[in-house]
Amino acid sequence: MGWEQIEISLPNCSSLQVISFPVVQLHLNRTAMRASQKDFENAMNQVKLLKKDPGNEAKLKLYALYKQATEGPCNMPKPGVFDLINKAKWDAWNALGSLPKETARQNYVDLVSSLSSSLESSSQVEPGTDRKSTGYETLMVTSEDGITKIMLNRPTKKNALNVEMYHEIMHALKAASKDDSAITVLTGNGDYYSSGNDLTNFTDIPPGGVEEKAKNGAILLREFVGCFIDFPKPLIAMVNGPAVGISVTLLGLFDAVYASDRATFHTPFSHLGQSPEGCSSYTFPKIMSPAKAIEMLVFGKKLTAGEACAQGLVTEVFPDSTFQKEVWTRLKAFAKLPPNAMRISKEIIRNREKEKLHAVNAEECSVLQGRWLSDECMNAVVNFLSRKSKL
Ligand SMILES: CCCCC/C=C/CC(=O)SCCNC(=O)CCNC(=O)[C@H](O)C(C)(C)COP(=O)(O)OP(=O)(O)OC[C@H]1O[C@@H](n2cnc3c(N)ncnc32)[C@H](O)[C@@H]1OP(=O)(O)O
């Protein structure tokens, strides 16, 4: 009788829980829904047809708007702090305050419509699309002056990499490898370069349970890092602010790393019960010596931009006030160099390491798969999600 389920799942200390909640209830209050009930029902049906998972954030918004549209302002007692799933739902609904039912209904319809079009179009962006690639949900991708710029675009989440962003970055890199730009740049929108893996990635558990989740995560991570190992053109990181976790480890696979003096470099893997990825277990000891690599990757020492430069992880540091101007001037000059010569030179420098890097990547992903199932990791994620800890 019309119960569609969208799952929001959050870890619960030593075990992971999945709770499904109804977002679509077809026996609607007909009086309240008169004007656009058809649209509302159509939107509810459309949710079922989404080809890609819209992510927990969108699902929570859908839930809240649905409740507001059908029941009005949040009237439930606030769940306890450890009841993470119900608290997330309550927070989302309660945040709508006294939004009228009609507006909530309209917002629900609009949200479904934008999700349908963005999830459709993000899987249809053709490699080689020039100028501006729209249709990305988590990135801004532009191509001009011989430079493809991939900008991480979740500034309110400090550009944390959610599952959608992993997929979109892979897509953007594949497209950039085939477009007519000479070089590719990765940077972040807002005050952070990236806060690393989105810790809510650990909360959306499939029917196969946490083991399947960890296995899928390892497969995705291996493919994701593989795209950086195989990227054929000069790949440059513009580290505009703090970088955490995987956004730091990947830097060992870039061809140049330019950093603002506001940037910091932090890999708190032990704090999170995790282990290094992005081939950093191999690249970091080579770049900065095994002892310095262990300080970062095992003890979680945070480096300033100047320290990272002294260790060889960063190519050059710029004052934040002139960072954009100075780096773009330099990149535009690089992009005028003969592209085939740059590509061939990169190939000859990097190719003899490729096989080794792929083997390291596979091993790191396999170790991490086990780490993600550990109590140490689950407790760290729960602590972050329940706001008991930050870096
Ligand atoms: C396929 C799977 C592959 C897995 C690969 C594994 C990679 C390993 C890693 O990357 S480990 C690194 C993981 N990252 C972290 O542990 C960082 C966690 N975040 C923080 O500690 C802090 O948010 C901060 C220090 C980055 C910034 O603190 P600040 O006080 O300045 O800002 P807020 O905490 O209020 O953050 C603003 C909102 O952004 C959300 N957010 C930030 N980082 C993450 C993140 N990594 N994951 C999920 N969400 C993040 C934060 O929750 C705030 O959201 P809100 O406004 O909705 O509350």
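Not measured: the values here are computed from a predicted model.

Notes on the overall build of the chain
Move 1: Of the regular secondary structure elements, the chain holds 13 helices and 12 strands.
Move 2: Across the 391 residues of the chain, 49% fall into the buried class.
Move 3: Excluding contacts between residues fewer than 6 apart, the proportion of contacts in the chain whose partners are at least 24 apart in sequence is 73%.
Move 4: On the chain, roughly 18000 Å² of surface is accessible, and the fraction owed to carbon and sulfur atoms is 54%.

Looking at helix α6 (residues 209-229)
Move 1: Helix length check: α6 (21 residues) gives 30 Å between terminal C-alpha atoms against 30 Å at 1.5 Å per residue, within 8%.
Move 2: When α6 is considered as a whole, its buried residues turn out to be Gly209, Val210, Ala214, Ala218, Leu220, Leu221, Phe224, Val225, Gly226, Cys227, Phe228 and Ile229.

Looking at the nonpolar core
Move 1: With 62 residues, the main nonpolar core has Phe224, Phe228, Val239, Phe254 and Phe265 as its most contacted residues.
Move 2: Discounting residues that sit within four places of it in the chain, Phe224 has contacts with Leu161, Tyr166, Ile169, Met170, Ile246 and Leu250.
Move 3: In terms of nonpolar packing, the next biggest core, distinct from the first, is built from 16 residues, Ala43, Met44, Leu50 and Tyr108 among them.

Focus: the confidence of the model for the chain
Move 1: Per-chain confidence: the chain averages 86 in pLDDT, with 85% of residues scoring 70 or above.
Move 2: Below a pLDDT of 50 lies the segment residues 1-33, which in the model reaches 98 contacts outside its immediate sequence neighbourhood of four places, other chains included.
Move 3: With pLDDT under 50 throughout, residues 121-131 is counted as low confidence; its partners more than four residues away or in other chains account for 19 contacts.
Move 4: What the predictor reports for the complex is a pTM of 0.73 with an ipTM of 0.99.

So, the sheet that holds strand β10 (residues 264-266)
Move 1: On the basis of which strands lie adjacent, the open sheet formed by three strands has the order β8-β10-β11 and mixed pairing. Where the open sheet ends on each side, the last strands, each with one partner, are β8 (243-244) and β11 (303-304).
Move 2: Where β8 meets β10, two bridges bridge the pair, whose relative direction is parallel. By the bridge assignment, Val244 is partnered in β10 with His266.

Thoughts on the site of the ligand
Move 1: Residues in contact with the ligand amount to 26 residues; listed here are only the nearest, Lys157, Ser195, Asn197, Arg387 and Lys390.
Move 2: Here an oxygen atom of the ligand sits 2.4 Å away from a polar atom, N or O, in the side chain of Lys157.
Move 3: At a separation of 2.8 Å, a nitrogen atom of the ligand approaches a polar backbone atom of Leu199.
Move 4: Taking 1100 Å² as the accessible area of the ligand by itself, protein coverage stands at 80%.
Move 5: A per-element tally of the shell around the ligand places α6 first, with three residues.
Move 6: Each residue belonging to the shell around the ligand can be placed in one class, and the counts come to 13 nonpolar, seven polar and six charged.

Focus on the domain arrangement of the chain
Move 1: With domains assigned, the chain is organised as domain 1 (37-118) and domain 2 (139-389).
Move 2: The gap between the C-alpha centroids of domain 1 and domain 2 is 33 Å.
Move 3: Both faces considered, domain 1 and domain 2 share a buried interface measuring about 610 Å² in area, 48% of it formed by carbon and sulfur atoms.
Move 4: Linking domain 1 with domain 2 are one salt bridge, by the criterion used here.
Move 5: For Lys59, the salt bridge is made with Asp204, and the minimal N-O distance between the two is 3.6 Å.
Move 6: Where domain 1 meets domain 2, there are zero residue pairs in polar contact (both at pLDDT 80 or more).

Observations concerning the packing of α6 against helix α12 (residues 339-371)
Move 1: It is the contact of α6 with α12, at a shortest axis distance of 9 Å, that shows an interaxial angle of 160°. It follows from the interaxial angle that α6 and α12 lie roughly antiparallel. The way α6 lies across α12 gives a crossing that is right-handed. Across the interface between the two elements, Ala214, Lys215, Ala218, Leu221, Arg222, Val225, Gly226 and Ile229 of α6 pack against Lys354, Leu357, His358, Asn361, Ala362, Cys365, Leu368 and Gln369 of α12.
Move 2: Class assignment of the residues belonging to the contact of α6 with α12 gives a composition of nine nonpolar, four polar and three charged.

Let's talk about the packing of aromatic side chains
Move 1: Applying the stated criterion across every chain yields a total of eight aromatic pairs.
Move 2: Their ring planes at 90° and their centres at 4.8 Å tell us that Tyr166 and Phe224 sit as a pair that is edge-to-face. Residue Tyr166 is located in helix α5 (residues 163-178), and its partner Phe224 is located in helix α6; the two are separated by 58 residues in the primary sequence.
Move 3: Look at Phe224 and you get buried, because its relative accessible area is 1%.
Move 4: For the ring pair Phe202 and Trp372, a centre distance of 5.9 Å and an interplane angle of 65° mean the geometry is edge-to-face. Here Phe202 is found in the loop between β6 (183-188) and α6, whereas its partner Trp372 is found in the loop between α12 and α13 (375-385), with 170 residues between them in sequence.
Move 5: Three or more aromatic residues joined by ring pairs form one cluster here, namely Tyr166, Phe224, Phe228 and Phe254.

Some words on the packing of helix α8 (residues 280-288) against helix α9 (residues 290-297)
Move 1: Packing of α8 against α9 leaves a shortest axis separation of 7 Å and a crossing angle of 130°. If you check the angle between α8 and α9, you find them oblique. Crossing angle aside, the handedness with which α8 passes α9 is right-handed. For the pair formed by α8 and α9, the contact residues are Ser280, Ser281, Phe284, Pro285 and Met288 on the first element and Pro290, Lys292, Ala293, Met296 and Leu297 on the second.

Rules used in this analysis
- Residues numbered from 1 in each chain as written.
- Predicted model: local features only at pLDDT ≥ 70, side-chain atom pairs only at ≥ 80, totals over all residues.
- Heavy atoms only, no water.
- Helix = DSSP H or I, 4+ residues; strand = E, 2+ residues; numbered from the N terminus.
- Buried < 20%, exposed > 50% of the residue type's maximum accessible area, 1.4 Å probe, protein only.
- Contact = heavy atoms within 4.5 Å.
- Areas by Shrake-Rupley, 256 points an atom, 1.4 Å probe, with all protein chains shown as cover.
- Expected span 1.5 Å × (residues − 1).
- Core = buried A, V, L, I, M, F, W, Y, C linked by side-chain atoms within 4.5 Å.
- pLDDT = per-residue confidence, 0-100.
- Pairing = 2+ DSSP bridges.
- Near = heavy atom within 4 Å.
- Polar contact = N/O pair within 3.5 Å; in protein donor to acceptor, adjacent residues only side chain to side chain.
- Nonpolar A, V, L, I, M, F, W, Y, C, P; charged D, E, K, R; others polar.
- Domains from an automatic or database assignment.
- Buried area = accessible area lost by both parts, 1.4 Å probe.
- Salt bridge = Lys/Arg side-chain N within 4 Å of Asp/Glu carboxyl O.
- Axes fitted to C-alpha atoms, helices over the stretch in contact; angles between N-to-C directions.
- Parallel < 35°, antiparallel > 145°, perpendicular 65-115°, else oblique.
- Left-handed = near helix turned anticlockwise from the far one by under 90°.
- Phe/Tyr/Trp six-rings, centres within 6.5 Å; stacked < 30°, edge-to-face > 60°.

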